[in-house]
Amino acid sequence: MKVLILVENTVEVSFLLTGEHGLSILIDNGNEKVLFDTGQGMSIINNSQFLGLDLSEIKCIALSHGHSDHTRGLKPVLEITGKRDIYAHPGVFGKKYFIGKRKGVDVELSIGIPYEKKEIEEMGRLVLTDSSVKLADGIWTSGEIPFVTEFERVDPTFFIQEGEKFQPDTMPVDLAIL
């Protein structure tokens with residue numbers, strides 16, 4: 001099993017590779033490749049090309065949750081891969097916001113997946129579930145991860161929009177790769 005970080009906040013080699021706030025991980029079990037998250041989309045194509053990776057070899061994509069720093073690269077990746085299965089929690093397309101202060105200024109910023117469900121359905125095959133799913137031999141999603149300890153908290157500036165109201169985001173859509 002090989003795990004390669006394609007996108008994250010830093011880069012070991014500063015020339016040609018780029019870093020960005022976000023995450024994308026390629027998991028290769030020797031026979032199949034699975035992409036976990038797609039970052040913000042500014043680095044994934046560049047970094048893949050620099051590393052000599054052919055994204056069209058990806059079997060499927062799994063999204064950890066619906067924030068844009070994990071999902072904005074989805075469309076650019078699907079433009080290369082063609083239709084692929086995309087695994088995510090049913091709530092991944094919910095409206096998500098940062099509402100708080102930055103440098104003393106009140107900010108309300110959409111931080112959710114920047115695409116409509118219909119757009120992604122036209123480019124890939126959505127598999128929306130809160131249960132664990134086998135993606136490839138030895139690669140599974142965790143399914144929904146409940147909070148079970150006192151210290152597990154979501155940033156108090158993260159909200160979801162339900163109708164016209166904002167509610168604290170408890171991140172039930174979060175999942176991991178096993």
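Look above for the structure.
Quick notes on the rules
- Residues numbered from 1 in each chain as written.
- Predicted model: local features only at pLDDT ≥ 70, side-chain atom pairs only at ≥ 80, totals over all residues.
- Heavy atoms only, no water.
- Helix = DSSP H or I, 4+ residues; strand = E, 2+ residues; numbered from the N terminus.
- Rg over C-alpha atoms; globule rule 2.2 N^0.38 Å.
- Contact = heavy atoms within 4.5 Å.
- Areas by Shrake-Rupley, 256 points an atom, 1.4 Å probe, with all protein chains shown as cover.
- Pairing = 2+ DSSP bridges.
- Axes fitted to C-alpha atoms, helices over the stretch in contact; angles between N-to-C directions.
- Salt bridge = Lys/Arg side-chain N within 4 Å of Asp/Glu carboxyl O.
- Buried < 20%, exposed > 50% of the residue type's maximum accessible area, 1.4 Å probe, protein only.

1. Here's the deal with the overall build of the protein
Argument step 1. Scanning the protein for helices and strands turns up four helices and twelve strands.
Argument step 2. Relative to a compact globule of 178 residues, whose C-alpha radius of gyration would be 16 Å, the protein shows 16 Å and is just as compact.
Argument step 3. Expressed as lengths along the three principal axes of its C-alpha atoms, the size of the protein is roughly 45 × 40 × 35 Å.
Argument step 4. Taking all contacts inside the protein whose residues are at least 6 apart in sequence as the whole, residues at least 24 apart take part in 65%.
Argument step 5. With the model as given, the accessible surface of the protein reaches about 9700 Å², and the carbon-plus-sulfur share is 54%.

2. Here's the deal with the sheet that holds strand S3 (residues 33-36)
Argument step 1. Pairing within the open sheet is mixed, and its six strands lie in the order S1-S2-S3-S4-S5-S8. Looking at strand neighbours, the two that pair on one side only are strand S1 (2-7) and strand S8 (125-128), the edges of this open sheet. Shown here is a sheet whose adjacent strand axes are inclined to one another by a mean of 25°, direction ignored.
Argument step 2. Pairing analysis gives four bridges linking S3 to strand S4 (residues 58-62), with the strands arranged parallel. Within the sheet, the bridge partner assigned to Leu 35 lies in S4 and is Ile 61.
Argument step 3. Relative to S4, helix H3 (residues 74-81) is tilted by about 165°, and along the sheet it contacts S3, S4 and strand S5 (85-88).

3. Some thoughts on the pairing of strand S6 (residues 96-102)
Argument step 1. Sheet topology note: the S6/strand S11 (residues 158-162) ladder contains three bridges and is antiparallel. Each bridged residue has a counterpart across the sheet, and for Phe 98 the counterpart in S11 is Phe 158.
Argument step 2. Relative to strand S7 (residues 105-110), S6 runs antiparallel, the two being bridged by six bridges. Among the inter-strand pairings, Ile 99 is bridged to a residue of S7, identified as Glu 108.
Argument step 3. Hairpin connection of S6 to S7: two residues between the antiparallel strands, including Lys 103 at a positive phi of 55°.

4. Comments concerning the pattern of salt bridges
Argument step 1. What the rule picks out here adds up to eight salt bridges.
Argument step 2. For the salt bridge of Lys 59 with Glu 32, the shortest nitrogen-to-oxygen distance reads 3.7 Å. Residue Lys 59 is located in strand S4, and its partner Glu 32 is located in the loop between strand S2 (24-28) and S3; the two are separated by 27 residues in the primary sequence.
Argument step 3. Exposure remark for Lys 59: the relative accessible area of 37% places this residue in the partly exposed category.
Argument step 4. Linking Arg 125 and Asp 85 is a salt bridge whose minimum nitrogen-to-oxygen distance equals 3.0 Å.

5. Here we look at the sheet that holds S11
Argument step 1. The sheet built from four strands is open, its strands ordered S7-S6-S11-S12 with antiparallel pairing. The strands lining the two open edges of the sheet, one partner per strand, are S7 and strand S12 (165-168). Averaged over all pairs of adjacent strands, the angle between strand axes in this sheet comes to 35°, irrespective of strand direction.

Nothing here speaks to function; it is geometry throughout.
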